[in-house]
Amino acid sequence: MAERNETDKKYGVLFVCLGNICRSPAAEEIFRTRLRRQGVEELVEVDSAGTYGGHAGDLPDERMRSEAGKRGYKLTHRARRLTEDDFRKFDMVIVMDDSNYERASRIAPDIESLNKLYRMTDFKSVSRWDHVPDPYYEGIEGFRLVIDLLEECIDGLTCKLEEDNILPRHA
């Protein structure tokens, strides 16, 4: 990742899951909340998208909104589909699992864009999970697990961006 300087545009981070109604909008808001709490939200553009467009325009799943709300996150994102332009606009495209990695790879317009692809669990610290599971067909425990995993991975992502001088180090 390139170091950021004062004349650069905002650094862009895009989170991607299948339908953009559970995992990726939760990751978007968890990361945005973290940036806000650290007072650096103006440095990073954060968004989310899905590799499937069938939920375009929908709010996140009610169960995810409810569980996220219990932790202080308000999910208001409207679902949209991942596009080639996203790879031009964002510096990092972070997917939730291997299936979305493969789908996003096929949407990427060129080889350079593939270098922007990461898995959310690339930023984990203690979890044994190698992906963020889709909670859509699970009970509430599945949504809680996803939020736990996302919070852990967002911690790691934040540290990585601090190490790369994208974000200032916080105390």
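In short, a report on the structure. Bear in mind that the values here come from a model prediction, so they are computed numbers and not experimental data.

### Quick look at the environment of Lys-160
Then comes step 1: Its place among the elements puts Lys-160 in helix 6 (residues 140-163).
Then comes step 2: A relative accessible area of 30% means that Lys-160 is categorised as partly exposed.
Then comes step 3: For the pair Lys-160 and Phe-123, spaced 37 residues apart in the sequence, the C-alpha separation amounts to 7.9 Å.

### Thoughts on the packing of aromatic side chains
Then comes step 1: In this structure the tally under the stated criterion is three aromatic pairs.
Then comes step 2: Consider the rings of Tyr-118 and Phe-123, whose centres lie 5.8 Å apart with planes at 40 degrees: the pair is tilted.
Then comes step 3: Of the residues examined, Phe-123 reaches a relative accessible area of 8% and is grouped as buried.
Then comes step 4: Summarising the aromatic geometry, the rings of Tyr-136 and Tyr-137 are spaced 4.8 Å apart at their centres and angled 85 degrees between planes, so their arrangement reads as edge-to-face.
Then comes step 5: A relative accessible area of 28% means that Tyr-136 is categorised as partly exposed.
Then comes step 6: A relative accessible area of 74% means that Tyr-137 is categorised as exposed.
Then comes step 7: In this arrangement the basic side chain of Arg-63 is found over the ring face of Tyr-136, its NZ or CZ atom lying 5.3 Å from the centre.
Then comes step 8: Positioned above the aromatic ring of Tyr-101, the side-chain terminus of Arg-119 is 3.8 Å from the ring centre.

### Description of helix 2 (residues 62-70)
Then comes step 1: Every buried residue of helix 2 is listed here: Met-64, Glu-67 and Ala-68. Mapping the buried residues of helix 2 onto a view down its axis gives an arc of 100 degrees, with all of them on the same face.
Then comes step 2: Packed against the buried residues of helix 2 are helix 1 (23-38) and helix 6.
Then comes step 3: Where helix 2 begins, the side chain of Asp-61 points an oxygen toward the backbone nitrogen of Arg-63, at a separation of 2.7 Å.
Then comes step 4: Note on helix 2: the residue one or two positions beyond its end, Gly-72, has a positive phi of about 90 degrees.

### Section: the sheet that holds strand 1 (residues 11-17)
Then comes step 1: With respect to topology, four strands assemble into an open sheet ordered 2-1-3-4, the strand pairing being parallel. With partners counted over all chains shown, the strands left at the sheet margins are strand 2 (44-50) and strand 4 (117-119), one partner each. Taken pair by pair, the neighbouring strands of this sheet meet at an average axis angle of 25 degrees, ignoring direction.
Then comes step 2: Note that strand 1 and strand 2 share seven bridges and pair parallel.

The rules we used
Residues numbered from 1 in each chain as written. Predicted model: local features only at pLDDT ≥ 70, side-chain atom pairs only at ≥ 80, totals over all residues. Heavy atoms only, no water. Helix = DSSP H or I, 4+ residues; strand = E, 2+ residues; numbered from the N terminus. Buried < 20%, exposed > 50% of the residue type's maximum accessible area, 1.4 Å probe, protein only. Phe/Tyr/Trp six-rings, centres within 6.5 Å; stacked < 30°, edge-to-face > 60°. Lys NZ or Arg CZ within 6 Å of the ring centre and 35° of its normal. Arc of directions from axis to C-beta. Contact = heavy atoms within 4.5 Å. Polar contact = N/O pair within 3.5 Å; in protein donor to acceptor, adjacent residues only side chain to side chain. Pairing = 2+ DSSP bridges. Axes fitted to C-alpha atoms, helices over the stretch in contact; angles between N-to-C directions.

By themselves, these figures tell us nothing about what the structure is for.
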